[in-house]
Structures are given as structure tokens and as C-alpha cells.
Amino acid sequence: MIKLKKCKQLNPSLLAGLTIIIVISVLAFIPGAFTHYNPTDIASDSILKAPSDLHLFGTDNFGRDIFSRVIYATRIDVMIGIFSVLIPFIIGTTLGLISGYYGGKIDSLIMRTVDIFMAFPYMVLAIAIVAIEQAGLWALFLSMWLVSWKEYARLIRSEVLVVKNAEYVEAAKVLAYSDFRIITRSILPNVLSSAIIYAASDVVMCMLSGAAMSYLGLGVQAPTPEWGAIISGGKAFLSTAWWITIFPGIFLVVTGFGFSLIGDGLSDILRKGRA
Amino acid sequence: MNTAKDTILKVDNLKLQFSSNGQTLNALNGISFSIRRGETFGFVGESGCGKSTTSRAILRLLADNAKITDGTIYYNETDLLKLSEKDLRKIRGKEIGMIFQDPMTALNPVLTIRKQIFEQLRDTKLSSKEKEIVAIEIMNKVGIPLPEKRLNEYIFQYSGGMRQRAMIAITLAGNPKLLIADEPTTALDVTIQDQIIKLLNHVKEDFGVSILLITHDLGVVGRMCDRVAVMYAGYIVEMADTYTLFSAPRHPYTKGLMDALPKLPQEQTRNEEMKPIPGALPSLSDLPQGCPFVSRCQLHQTLCQDQLPTMQEISPGHFARCHYFHKLEGCTGLINCTKG
Amino acid sequence: MDLLSYILKRVLQIIPVFIIATILIFFLMRLIPGDPALVMLGEKATPESLALLRSKMGLDQSYFTQFYLFFKNLICFDLGTSIKYKEPVLLLLGDKLMTTVWLIISSLFFSLLFSIIPGYYSGIHKDKPVDYIFRLLSLLSLATPAFWIGLVLLTLFSVQVNWFPVSGWGNTFEEHILGLILPGITQGIGVAAVLIRNLRNNVIDVKDSDYVNYARSKGLSNFQIGIHHILRNALIPTTTLLSMRIATMLSGSIVVETVFGLPGIGALLVNGIYARDYPVVQGVVLLFVLLVMVINLATDIIYSFLDPRVKLS
Ligand SMILES: Nc1ncnc2c1ncn2[C@@H]1O[C@H](COP(=O)(O)OP(=O)(O)OP(=O)(O)O)[C@@H](O)[C@H]1O
Ligand SMILES: [Mg+2]
């Protein structure tokens, strides 16, 4: 009975999103099961071949199999999306909790820092970071972390300000619980939902930004397969070999769509849970 | 008896249902009443009994989940329920105008009062200069000082008392013959309430309109209405001219409303907020088969549980929906209370 | 008067943030590996000429002195000279800024074009099929990278049918317009997705409000109610969101300008990074920061015009 009820409540967006992401994850974990081509193998005898039985998505100007490159790229792109969000989520949430709970000097210090970071457009700061470090995966992560944390700090802080004066927090204070206990047990569970909703859309944004950076040549470097980088490699052949740009783009869209659906479903559920 | 010519609005056996979450709410269960030309007709009853729903059904300004299942609503000779949406729009505003409870939410916050008055004059052939003159005249009539200046302001810039006047001015600009006022004084504080009641009484004479007044407040009824209907759970349970109703209530619910009022004569004229009668409205999705008031009624007998009483004419023009109305004979209601 | 003193107040608030941002940028640039003098003169430079250039650029001074010089020049609008173009950075920026501004105007246009009607109908017909379709479409376009849409549009409309230039925006006004259509659409699609969701929610909030019901009771037509009472009010928060999005569009223009070969400041930044032309990078980043601040200020002012209830303070 209970199970049936839960099934009925399962949000369709969430379900569809999860399905997509599970399929994508399978690709990410065992790319070798889907293709016998090595994504970086150069083959001078099959350059710029159109999609066929032999090469499902065709080949690029080095004769590399696009299908296998796209499949092997899944892991790295999904990783960029998730890890670009995970670290800022933790850092931003911690700072937001501290800022909102303690207020005063530490609050203004954190919020002024947020203000300064807000003044930098998203990609601009990321590009500047990449310029300092050698372009590559680590520089990419570093730049994503630097630009993403502020949103979480702001979101969490504003929620904490609301929750801080709630009865159950007051009660915990009366019981003389430690700040750490009050923050983690009484406040955190009640302020997390908006940050989680935001994180789901942030994963999409970070994955797309990461791909965009790689497209610009400032992220993941050739010959490592990454969707943005593959697309970048195809831009010179728009008229002759459309398949190089089209297929990795479709994978980006589908993966992003999956995460977006999850975010949409989550926000439905969490909002209803609140009301 | 009054002829059809005297009657501006005649509602007959109006039934309306809301569907919400798979349930059917019987919000109106056969409402019949008529309003005569030039009169103020009052609707009283506790929250949720269907007063607003009735008033909105008249102009078909209902939520998407509402459905009128039966009845007729005649405005003069036309059945409003049969009109197309387009023809109904010619009635709205120009024949029947509405005044809402809270001007702060009922007027568009980001349009000037001028713009909102001009909307009412959209189908006249007036130039914008002439419209301006009309607007200023109306603002003067409802007692808004400095109308030339105030026309250009937004509702939030008006003070409490002026806000309701502004809405009345906007509604009157459409030149309606019937005014539906849904709790026009509830949101106001006492002194302003007083001014607005006087204004509405004055407007009735000045513009020659009839008024359908919805209120919680028996004091307002006493000061404004010629006749009153008392509503309960989507039924009209009693209807009479104001004096008769106040002096000789014949439905135990009406009686209960009056008993709940403060009894001191000096308090009596003002602030006659109803104090709820013990018990609660029955659920509209599951109305009892007999009298809807049965669970809260002191007179109730088995008959009341089995059979819905009909509306009976007790004396000319005085109707009550109660099997045992005669048990209240000799009860002298509010008039007695205040005098004795 | 009121507006003027408000702007003054806000500008005064902006200044410290801008100064700190400047310091941050300055030190970020010093962290870039490699010797700028070496980059400027190339591998074959003699040690003497390198040393000469270093002292000319102030690179042999302490960081503090360097920053002092940098800031002094900044106040005199001197952002240094581009290593790659051998031109004053300020002139370069002035040259390229207009392209970016026009790109953003085009993006704004298309984002509104793509969002007002879908957002309105989605909200009016909440939970009906239209609503689901538009919601799915907006989720989908949120997941679509701008550079890829740009390439797809280029393939379809510039390579296949030759309607639009493959790269750049020509020299005449007509060529400019033509060259801005695809970039505007590219950027507009992503922004529209955000706007549709926002407008839809606002329409839902507004459509059953008392004032819309009151407007109905006045006998206004659905069209009049839709425009003057529903859209007029629902668009206020959306416009605010849109103007906040302009800052995001600035970031987006980096990619879009690169894809379409538009000579704007975004492309200048990317090329600056490729060439390790750090005066240019520094100048563009500073300009971006300044623009974001100006846009935020403009947003608040626009908001107060759209909604008379809002007082600037
Ligand atoms: N859109 C709707 N969907 C479902 N039920 C509704 C809807 N509108 C009103 N109702 C219900 O219909 C009943 C009558 O409501 P109505 O607003 O007419 O009462 P009222 O007498 O005007 O009350 P009040 O004095 O509070 O204004 C109430 O029980 C209300 O909950
Ligand atoms: Mg009501």
C-alpha cells in the first residue's frame, strides 16, 4: 500500500530525469562496452567519413571515431558538472550558515566578499583563472569553484535569517546546545532545500560552461575527448562534416535536460513538502 | 405585488458547484431573490456561506472550477446566464458594476486612477479632454479633494478613506444601474466605515442606482438596506424587509446572529460584528439531507433531519426556510433587544 | 533631483567594490606565469633589452609601487598598451565595446520575442498541454549550450543557404544588422528559457488577483485585461530579471562573439588570453566589472520606473 502511494507521488519530471541520467551514467562508467574504437586512435585511411554502419557518428579530420569519442567524453563532462557544484555547495553552505547564524562582523566580511565576486561576470573570472593556471581540467575546476560558491552562501544565509528565530532553534539554545549542534541539527536541515534546487540547475550551468571553456580552448585539452572540445574540433568542417559538431551537442543537450528535469522535479517536491 | 418593471435583477433557483481535488462542493443550492429598482438589498451570513459566490455568479466572474448547474439570472429582461461572453461584457461595468472589499488589492497598483477611470469610458465617444472632465466630476461627487492632482496618482498614494472612494469613483464611471458591493466597509476602520456608508447611501440617490450589499455586519444592514436575505450554507434561509427581519426574525439562524450581537444600546449602532454561533457550517461537499442548519439548531426535531424545509412566506414579503418557524413567533429580535 | 542623489549615493557605494576588484585583478594578472617582457619581445630578445623593457613597464619595482602606478594610470584612463595590437588598450576597448553592446541589444530583442507570448500563455493555461510544452521547451533550451546552437544555426543558415554571414558583421549598417541576427537568436534562446519560467509564474500570481477580477467586472475585453492588467504587472519582475541577465549576457558574449567572429570585447578577451596579452585581459576584465556595476544600478532605476510603488533608497 505504502509503496503504491509513493509510486503515485513520484514526480514525472524527476522520473524522466533520473532515467536519462542513469543511462548517461552507464555510458560514463563503462564506455568500452559500447564501442570497440579507441577514442584517441588516429586512422589516416578513414578521414572525415560520414556516419555509417562502421562509424555510427562518422569520423573527424584525424580519422577518429566520433561515436567512441562522444561516449568516452561522457564521464568527463558529467564529472565537470557534478564536481563543479559539489565543492562550492559545501563551501558556500558553510559560509552561508556561519554568516547567517553569527551575523555581525563575520557576516559583513563574508557578504562583502560575495559582493566583490558578484561584480565579476561568470565566465570572465573563470577565463582569468584559466589564464593563470595552465589550461586544463584542474584550472577549469578551480575557476568553477571560485565563481560558484557565492550563490550558495547567499541563498543559505537568507534562509538561515528566517529560520534562526524559529521556536525549535530558540528551544535548542535554551537547552544550551553547542553552536555546532544547533547549526547542523536544527538549522541546516531546514535551509537546505532551496540550495539543493539551485544546485540541480547549477550542475547544468557548470557542465555547459565547462564545455564552453573547452570549446574556447581554455578547458579540457585535445586529444582528451570532451564534448565541447570535440565540437570545437568540428567547427572548421561545418559545411563538409556536420556530424562532428552535431552529435556531441545532442549528448550535451540530453544530459543537461536530464539534470534540468531532476531539478524541476526536486523543486516541485521540496516546495510541496514545505507548504 | 411588484411587477417585473420594478425589478432590476431576479435570480431564480441558482445552483452552483465547485470541483476541487475531486470533490464537488455545493456552494449555492437554489438561491432565489430579486432586487427592486432603487433599493438596497443586503446579503448577510457568516464566512463561507456563499455570499461572494452569489455576487460573482451574477456577472459570471467565477473561478475556472465553478459550474452553474441550474437557475436563471434576469437582469431586466435578459437572462445573464444565456448571454455570450461578448454580450456579457456589455453588461459588466456599464449595467452592473462591482465594488470589492479591499481597494488596495482590487485596483491595479501600477496604473494611475485616471487610467482606471478612463478604462470605464473606453466605449464613449468622448475626447480625452472630455473624459478628464467626466473623471474629475465623479471624483468630486465621491468626495475626493483635488481631483485634478489625484487623478494622476496611484492607489497606494491615497489615504485609507480615499482608497475606497477611488474604487467607487471608478465603478461609477461606467454608469452602472446596479451596484454590487462585496463587503465594501469590512477592511476599513470605524470612522471611515461610517463615511463610506453615508457615501453609498448618497450615491444611491445621486446616481439612481440599486445596490446589492454583501456584509457581515448587521449594523451596516440596518443603516443601508431596504431588504435583507440571510444566507446559510448556500441557501437563503430568511428574507424580509430590514425592519421586519430585525423586529421579528423567524429563522433560528437569524435569531442566533442577532443574539450574538452586543446588547448595550450605545454599542448597538456601531461595530456589530457577528459573534459566531456555536458549531460550524456543514461541509459543502457533504450537505445533510435535511435542513443544513440542523446540527446547530436548538429547535431541531427529527423532521429537520429528514426533510429540507422549503421557503415559506410567513407574512407578505417575509420568507423563512424552517419547519418550526412558528416556534419563534413572538420573538422580537434585535429591535426588542436594543430597546429592552 | 531625487534620482540624481540616489545615483550619486549608489556610485559612492560602488567605488570601494570597484577598487577591491581592481586590486584583485591586478594581482591575478601578476600570477600569470611567464614574463610579459619576454612575451612582448619574443624569444630572441637580448637580456639588455629585456631589462630595459622591464624597468620601462615598472616590472622591476615592488608590487606595491607597481600597483600604485597601475592605479594612477587607471584614474587617468590609461590602461597600458596592448602587446599584440601595439595600441592603447583603452582605444581597443572603445573600438570593440559597441559591437558587444549591439550584440546584447539584439539578444535582448530576441529573448523578449521568444518569451513574452509563451510565458503568458503558459501562465494563463497553467497545467494544460500548452503549459507543459513550453515548460519542457524552456527546460530543453536551458540545457542547450549557446556555442552549439550558434554552430547549428551557422550550419543551417549561413553555410547551407547563405542567408547570413559565416563570420563577422561587415562594414555597413545593413551588414551589421544581418550579422547580429543569428548571434542575437543564439543568446536569446537561452535567456528566453529563464524569462518564460519567470513570466509564467508571475502571470499565475497575477491572473486570479483581485485587480484582474475587478478589471473583468468592468467589462474589459480579454485582450485589454491581458495587456494592461496581467502582462503589465507580470512583466515588472521579469524585466528586472532580464536586466540582471544582461550581466550574464556579457559572459555569454565571450562565447557568442567567438562563434560568430564578431569583433567585440568578449572576443578581445579570448584573443588576449591566447596571446598572453595581459594589458588587454586586464582592461577587458576591468571593463566587464564596471559594466556589471552600471547594469545593476540601471536595473534598480528601471525597476522604480516600472513599479511606482518602489522608492529608490
Ligand atoms: N474557487 C473555489 N474553489 C473551491 N471552493 C471555493 C472557491 N471559491 C469559493 N469556494 C468555497 O465556496 C464557499 C463560499 O465561498 P464565498 O467566498 O462565496 O463565501 P462568502 O460568504 O463570501 O464568505 P466570506 O464572508 O468569507 O467572504 C466557501 O466554502 C468557499 O470555500
Ligand atoms: Mg466573500
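Please read these numbers as outputs of a predicted model, since none were measured by experiment.

The rules behind these values
- Residues numbered from 1 in each chain as written.
- Chains lettered and ligands numbered in written order.
- Predicted model: local features only at pLDDT ≥ 70, side-chain atom pairs only at ≥ 80, totals over all residues.
- Heavy atoms only, no water.
- Pairing = 2+ DSSP bridges.
- Helix = DSSP H or I, 4+ residues; strand = E, 2+ residues; numbered from the N terminus.
- Axes fitted to C-alpha atoms, helices over the stretch in contact; angles between N-to-C directions.
- Contact = heavy atoms within 4.5 Å.
- Buried area = accessible area lost by both parts, 1.4 Å probe.
- Salt bridge = Lys/Arg side-chain N within 4 Å of Asp/Glu carboxyl O.
- Polar contact = N/O pair within 3.5 Å; in protein donor to acceptor, adjacent residues only side chain to side chain.
- Nonpolar A, V, L, I, M, F, W, Y, C, P; charged D, E, K, R; others polar.
- 1 Å grid on protein atoms, 1.4 Å probe; cavity = no way out; pocket = protein on both sides within 12 Å on 5 of 7 lines; lining within 4 Å.
- Points joined across faces, edges and corners; volume = space filled by probe spheres on them.
- pLDDT = per-residue confidence, 0-100.
- Domains from an automatic or database assignment.
- Phe/Tyr/Trp six-rings, centres within 6.5 Å; stacked < 30°, edge-to-face > 60°.
- Buried < 20%, exposed > 50% of the residue type's maximum accessible area, 1.4 Å probe, protein only.

Re the sheet that holds strand β10 (residues 235-241) of chain B
Residue and element names in this part refer to chain B.
Then, in step 1: The strand order β6-β7-β8-β3-β9-β10-β12-β11 describes an open sheet built from 8 strands, whose pairing is mixed. Whereas interior strands pair on both sides, the edge strands pair on one side only; in this sheet they are β6 (96-99) and β11 (312-315). Within the sheet, the average angular offset between the axes of one strand and its neighbour, ignoring direction, is 20 degrees.
Then, in step 2: Contacting β6 and β7 (178-182), helix α7 (residues 160-173) runs over the sheet at an angle of about 170 degrees to β6.

Describing the interface of chain A and chain C
Then, in step 1: Of the residues lining the interface, 39 residues belong to chain A; the matching set on chain C comes to 41 residues.
Then, in step 2: Of the roughly 3600 Å² buried at the junction of chain A and chain C (both faces included), carbon and sulfur atoms supply 81%.
Then, in step 3: Interface area lost by chain A to chain C is led by I132(A), L216(A) and L238(A), which between them contribute 17%.
Then, in step 4: The salt bridge partner of D264(A) is R135(C), with a shortest N-O separation of 3.8 Å.
Then, in step 5: Counting the contacts that link chain A with chain C gives 4 residue pairs in polar contact (both at pLDDT 80 or more).
Then, in step 6: Sorting the residues of the side of chain A that touches chain C by element identifies α4 (104-118), α5 (122-132), α8 (179-215), α9 (227-234) and α10 (243-274) of chain A as the ones contributing at least two each.
Then, in step 7: With 11 residues, α10(A) is the single largest residue contributor to the side of chain A that touches chain C.
Then, in step 8: A per-class count over the side of chain A that touches chain C returns 28 nonpolar, 8 polar and 3 charged.

Some words on the sheet that holds strand β1 (residues 7-20) of chain B
All names here are of chain B.
Then, in step 1: With antiparallel pairing, 4 strands are arranged side by side in an open sheet as β2-β1-β4-β5. Single-partner strands in this sheet number two, and they are β2 (23-36) and β5 (78-79).
Then, in step 2: Of the strand pairs in this sheet, β1 and strand β4 (residues 66-75) are connected by 8 bridges, and their pairing is antiparallel. The partner of Q17 across the bridge, within β4, is K67.

With respect to empty space enclosed by the protein
All names here are of chain B.
Then, in step 1: The final tally for this structure, using the stated rule, is 4 cavities of 30 Å³ or more.
Then, in step 2: For the second largest cavity, the calculated volume is near 70 Å³.
Then, in step 3: In this structure, the second largest cavity is lined by H251, P252, C291, V294, C297, L299, H300, C304, P309, C322, H323 and Y324.
Then, in step 4: Taken together, the residues that form the lining of the second largest cavity break down as 9 nonpolar, 3 polar and no charged.

What to know about the layout of surface pockets
Then, in step 1: Each pocket or cavity is described by its volume, and for the second largest pocket that value is around 1000 Å³.
Then, in step 2: Forming the walls of the second largest pocket are 31 residues, and the residues nearest its centre are D64(B), I124(C), K207(C), R216(C) and I230(C).
Then, in step 3: Residue contributions to the lining of the second largest pocket peak at 7 residues, all from helix α10 (residues 222-260) of chain C.
Then, in step 4: Across the lining of the second largest pocket, the residue classes break down as 15 nonpolar, 5 polar and 11 charged.

Details of the confidence of the model for chain C
Then, in step 1: Averaged over every residue, the pLDDT of chain C is 88; the share at 70 or more is 98%.
Then, in step 2: Scored by ipTM, the complex comes to 0.88, with pTM at 0.86.

Considerations on the domain arrangement of chain C
Then, in step 1: Assigned domains within chain C: domain 1 (3-75) and domain 2 (94-276).
Then, in step 2: Each of domain 1 of chain C and domain 2 of chain C was reduced to a C-alpha centroid, and the two centroids are 36 Å apart.

Remarks on the packing of aromatic side chains
Residue and element names in this part refer to chain B.
Then, in step 1: For the coordinates displayed, the defined rule picks out 32 aromatic pairs over all chains.
Then, in step 2: For the pair F41 and F43, a centre-to-centre distance of 5.8 Å together with 70 degrees between the ring planes defines the contact as edge-to-face. Residue F41 shares its accessibility class with F43, and that shared class is buried.
Then, in step 3: Pairing Y154 with F156 gives two aromatic rings, centres 6.1 Å apart and planes at 20 degrees, and the pair type is stacked.
Then, in step 4: Note on F156: relative accessible area 23%, which makes it partly exposed.

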